[in-house]
Amino acid sequence: MENVLQDLYKNNAKKLYLMVDRILASIGGNYYNDKDEFYAEASDVLADIVMNHRYDEKKGNFEGYLYGALRNAVLDIIKKQNGVIIWKLIMKQTIMRKQ
């Protein structure tokens, strides 16, 4: 686990922030000009997972688990910033992409 954390935080958390950038790109839109809030939340999510032992390695890859947790956190921020209308649009786009 320590190696994974070092990898995520190497070069000023570049890998962690790239995960957030990929999530934002997959959602689409350009209503997230200030990414600092998303990056701060990503660090909080990672700390919560590690400190509260939320990850069970028997259930799969840590980065996959982290990606899912980050995606949920990003969607929560967008929902709070932009209201339920944007949230419903994002969910509809996500469902359509999966079909």
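One can find the structure itself at the top, above this paragraph.
Anyway, here's the lowdown on the structure attached to this text. (Residues numbered from 1 in each chain as written. Predicted model: local features only at pLDDT ≥ 70, side-chain atom pairs only at ≥ 80, totals over all residues. Heavy atoms only, no water.)

## Some remarks on the overall build of the protein
- Per the secondary structure count, the protein includes 3 helices and 0 strands.
- Sequence-ordered secondary structure for the protein, helices as α and strands as β, is α-α-α.
- Put simply, the protein has 99 residues, and 29% of those count as buried.
- Sequence separation of 24 or more characterises 61% of the internal contacts of the protein that already satisfy a separation of 6 or more.
- Carbon and sulfur atoms make up 51% of the accessible area of the protein, which amounts to about 6,800 Å² in all. (Helix = DSSP H or I, 4+ residues; strand = E, 2+ residues; numbered from the N terminus. Buried < 20%, exposed > 50% of the residue type's maximum accessible area, 1.4 Å probe, protein only. Contact = heavy atoms within 4.5 Å. Areas by Shrake-Rupley, 256 points an atom, 1.4 Å probe, with all protein chains shown as cover.)

## Brief notes about helix α2 (residues 36-51)
- End to end, α2 covers 22 Å across 16 residues, agreeing with the expected 22 Å (1.5 Å per residue, within 8%).
- The set of residues buried in α2 consists of F38, Y39, A42, S43, V45, L46 and I49. End-on, the buried residues of α2 take up no more than an arc of 160°, which puts them together on one face. Exposed residues pointing more than 90 degrees away from the buried face of α2 are listed as D36 and M51.
- One or two residues past the end of α2 sits H53, with phi positive at roughly 50°. (Expected span 1.5 Å × (residues − 1). Arc of directions from axis to C-beta.)

## Describing empty space enclosed by the protein
- Per the counting criterion, the structure on display carries 1 cavity of 30 Å³ or more.
- One number sums up the size of the largest cavity: a volume of about 30 Å³.
- Forming the walls of the largest cavity are V20, F38, E41, A42, L70, A73, V74 and I77.
- Among the elements that line the lining of the largest cavity, the one with the most residues is helix α3 (residues 62-98), at 4 residues.
- Among the residues forming the lining of the largest cavity, the class breakdown is 7 nonpolar, no polar and 1 charged. (1 Å grid on protein atoms, 1.4 Å probe; cavity = no way out; pocket = protein on both sides within 12 Å on 5 of 7 lines; lining within 4 Å. Points joined across faces, edges and corners; volume = space filled by probe spheres on them. Nonpolar A, V, L, I, M, F, W, Y, C, P; charged D, E, K, R; others polar.)

## Some details on the nonpolar core
- In this structure, L66, L70 and V74 are the most contacted members of the largest nonpolar core, which totals 24 residues.
- When residues in this core are grouped by element, the largest group, 9 residues, is from α3. (Core = buried A, V, L, I, M, F, W, Y, C linked by side-chain atoms within 4.5 Å.)

## What about the packing of aromatic side chains?
- By the definition in use, this model includes 3 aromatic pairs.
- Between Y17 and Y39, the ring centres sit 4.1 Å apart and the planes meet at 15°, which makes this aromatic pair stacked. With Y17 in helix α1 (residues 2-27) and Y39 in helix α2, the pair connects residues that are 22 residues apart, well separated along the chain.
- Overall, the relative accessible area of 26% leaves Y17 in the partly exposed class.
- Accessibility expressed as a relative area gives 16% for Y39, which makes it buried.
- With centroids separated by 5.7 Å and ring planes inclined at 55°, the aromatic side chains of Y55 and Y65 adopt a geometry described as tilted. In this pair, Y55 sits in the loop between α2 and α3 while Y65 sits in helix α3, placing the two residues 10 residues apart along the sequence.
- Exposure remark for Y55: the relative accessible area of 18% places this residue in the buried category.
- For Y65, a relative accessible area of 35% corresponds to the partly exposed category. (Phe/Tyr/Trp six-rings, centres within 6.5 Å; stacked < 30°, edge-to-face > 60°.)

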